[in-house]
Each structure stands twice: as structure tokens, then as C-alpha cells.
Amino acid sequence: LGDFKKALKYHKLYLDITEELGNKYGEGVAYGSLGTVYLSRGDLHNAMKFFNLHLKITTELGDKSGEGNAYGNIGQGYLLQRDFKKAIEYHNLNLEITKEIGDKHGEGISCGRLGADYLALGDLMKAEDFFRRQLDIFKEVGDKSSEAAAYCSLAFLFESQGRLPIAVENYRASIALYDATRSLLKSKDEWKVNFRHKAQIAYTGFWKALVKQGKIDEALFAAEKGRAQALNDLMECS
């Protein structure tokens, strides 16, 4: 919800209790949660500090899932610092663990993160490869919302290459999935902010790509439909 002060307050209270109880696993979870809050507010120094504390505890406990999550979060921190090689290094460690423990959904997330790393680095061939792997995995596990996000990532990549027809095709597929899954997600809290934001990114990319193709009328229609969906979403959340 963007209320970082309250988020920090409650995660710190949770950390205090886990330390008091000597619950190392819970302590690690608290560090990871605090790192996520600091990352969300742009405080990369504190985010990386808590992510590394999380990694230290998960490694000590032999918690492979937690270790993988810590690697993934540290990779995100490096990505935001524009240290793309370090981001790739940690996201690869994350990917290896998801494969090791058989976490297909986590593997899809890792592939998407690596796609973003390589896209930022300018290696578009590797970026496309990882985004396609991300898409295939989310199709396999049946996660329609994440599948929509993968289509959107591919569309952005193709648009950046000037491959506008295939970019439009992928934006269209993303939008269709977001629209189809809206009714299924309305009962979930995360739908209120996260889902709406991602769907609007797809709509905006779609109409901008159409404008670049000179399809102004179709772009205007898409933009109006996107605004109507956003208004409807806000009304559903109120």
C-alpha cells in the first residue's frame, strides 16, 4: 500500500520477538521482509544489509528455499544499483536453487529476473531467451497473471528492437490474460495495487506501440479501454 513506515514498524516488532525467542528461522524471514521494504522505498544500503543478513541465516540453517530467495533479492538490489553483472551472478544462484528444490514457479521468476538483467545490460538475445523460458514455465504451472507479465516483458523487448508487429501481438496477449483473470483476483488483497499496476503497464505499452505503427485510431481505442478498466478497478477496490 506504500505505507513504508508502518511496514517497517511491524516487521521490526516481528524481528524483536523472533530474537527474544531465539527463533533463527523467523529472524531470517524478518530480515528478508525488512530488506524488501527498504528496497521498495529506494534505500538500497539498508536493503542490501538486511538481504545479506537473511542470506547468512538461511545458509547457516540449510534453508535452501530461503537461501534462494535471498540470492534473488540481493540480485534485485544489484540491478537497481546498475551493477548488472552482479545482478546476473546472484539471479543465477537463485535459479540454480529453484531447479534444485523443484520450485517451478520460483524458476519462472528467476528467468524473468535474468531476462531483465540481460535487457538492462543490452544483451537482447539472452534477454529474449530468458523471457521465453519464463513464459513457458508460467504456462506450464498455469499462473495466468505471471504469464501475462511474461508476455509484456517480451513485448517491451521486441518494441525496443523496433519489431513492432510482434511487440503488439505480445502486448495483446498480455492484455487478454489480464482481462481474463481480473474476476478471479478481485477477492485477493494484492489485486488492489499490484495487479492493476501491471495491467496498466501492458495497456500503455500496447497503445504506444500502435502509435509507432501509425495505427492512431486503434491506439486511441486501446488507451480508452485501458482507462476504463483502471476506473472500474478503482471502483471495485473502493
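Above: the structure in question.
Small disclaimer: the values here were computed from a predicted structure and weren't measured.

Caption draft 1: Summary view of the overall build of the chain. The secondary structure content of the chain amounts to eleven helices and zero strands. The C-alpha atoms of the chain give a radius of gyration of 19 Å, which matches the 18 Å a tight globule of 238 residues would have. Taking all 238 residues of the chain together, 45% fall into the buried category. Once local pairs closer than 6 in sequence are excluded, the contacts in the chain between residues at least 24 apart make up 49%. Carbon and sulfur atoms make up 55% of the accessible area of the chain, which amounts to about 12600 Å² in all. Considering the chain, the positive charge centre built from 33 side chains and the negative charge centre built from 33 side chains are found 4 Å apart.

Caption draft 2: Up close: a nonpolar patch on the surface. Taken together, the side chains of Tyr14, Tyr25, Val29 and Leu61 define a hydrophobic patch exposed on the protein surface, amounting to about 370 Å² of accessible area. You can see Leu61 is positioned in helix H3 (residues 44–61). Assessed through its relative accessible area of 44%, Leu61 is described here as partly exposed.

Caption draft 3: Looking closely at helix H1 (residues 4–21). Helix length check: H1, at 18 residues, gives a terminal C-alpha distance of 26 Å against a target of 26 Å (1.5 Å per residue), a fit within 8%. Among the residues making up H1, those that are buried are Leu8, Leu15 and Thr18. The buried residues of H1 occupy an angular sector of 90 degrees when projected down its axis, which confines them to one face. For H1, exposure combined with an orientation more than 90 degrees from the buried face picks out Lys5, Lys6, Tyr10, Glu20 and Leu21. Taken together, the buried residues of H1 touch helix H2 (24–40). One or two residues past the end of H1 sits Gly22, with phi positive at roughly 75 degrees.

Caption draft 4: The arrangement of the packing of helix H7 (residues 124–141) against helix H8 (residues 144–160) in detail. Contact geometry for H7 and H8: axes closest at 8 Å, N-to-C directions at 160 degrees. Judged on the interaxial angle alone, H8 and H7 are roughly antiparallel. Crossing of H7 over H8 shows left-handed handedness. From H7, Leu124, Ala127, Glu128, Phe131, Arg132, Gln134, Leu135, Phe138 and Lys139 reach across to H8, where they touch Ser146, Glu147, Ala150, Tyr151, Ser153, Leu154, Leu157 and Phe158. In the contact of H7 with H8, the residues fall into ten nonpolar, three polar and four charged.

Caption draft 5: Inspection of the environment of Lys9 at higher detail. Inspection of the secondary structure assignment puts Lys9 in helix H1. Under the relative-accessibility criterion, Lys9 is labelled partly exposed at 48%.

Caption draft 6: Representation of unusual backbone geometry. Positive phi is not limited to glycine here, since Arg82 has a value of about 65 degrees. Examined against the element boundaries, Arg82 turns out to sit in the loop between helix H4 (64–80) and helix H5 (84–101).

Caption draft 7: Main features of the side chain of Thr98. Relative to the assigned elements, Thr98 resides in helix H5. By relative accessible area, which is 5% here, Thr98 ends up buried. Beyond its immediate stretch of four places on either side in the chain, Thr98 contacts Asp103, Gly106, Glu107 and Ser110.

Caption draft 8: Region of the structure containing helix H6 (residues 104–121). A rise of 1.5 Å per residue sets the reference length of H6, with its 18 residues, at 26 Å; its end C-alpha atoms lie 26 Å apart and thus fit the reference within 8%. Restricting attention to buried positions, one finds in H6 the residues Gly106, Glu107, Gly108, Ser110, Cys111, Gly112, Leu114, Gly115, Asp117, Tyr118 and Leu119. The elements touched by buried residues of H6 are H4, H5, H7 and H8. Backbone nitrogen of His105 and a side-chain oxygen of the N-cap are separated by 3.4 Å at the start of H6; the cap is Asp103. Directly after H6, the chain includes Gly122, whose backbone phi takes a positive value near 95 degrees.

Rules behind the numbers
Residues numbered from 1 in each chain as written. Predicted model: local features only at pLDDT ≥ 70, side-chain atom pairs only at ≥ 80, totals over all residues. Heavy atoms only, no water. Helix = DSSP H or I, 4+ residues; strand = E, 2+ residues; numbered from the N terminus. Rg over C-alpha atoms; globule rule 2.2 N^0.38 Å. Buried < 20%, exposed > 50% of the residue type's maximum accessible area, 1.4 Å probe, protein only. Contact = heavy atoms within 4.5 Å. Areas by Shrake-Rupley, 256 points an atom, 1.4 Å probe, with all protein chains shown as cover. Lys, Arg positive; Asp, Glu negative; His and termini not counted. Charge placed at Lys NZ, Arg CZ, Asp CG, Glu CD. Patch = residues over 30% accessible without salt bridge, like charges linked within 9 Å, V, L, I, M, F, W, Y side chains within 5 Å. Salt bridge = Lys/Arg side-chain N within 4 Å of Asp/Glu carboxyl O. Expected span 1.5 Å × (residues − 1). Arc of directions from axis to C-beta. Axes fitted to C-alpha atoms, helices over the stretch in contact; angles between N-to-C directions. Parallel < 35°, antiparallel > 145°, perpendicular 65-115°, else oblique. Left-handed = near helix turned anticlockwise from the far one by under 90°. Nonpolar A, V, L, I, M, F, W, Y, C, P; charged D, E, K, R; others polar. Polar contact = N/O pair within 3.5 Å; in protein donor to acceptor, adjacent residues only side chain to side chain.

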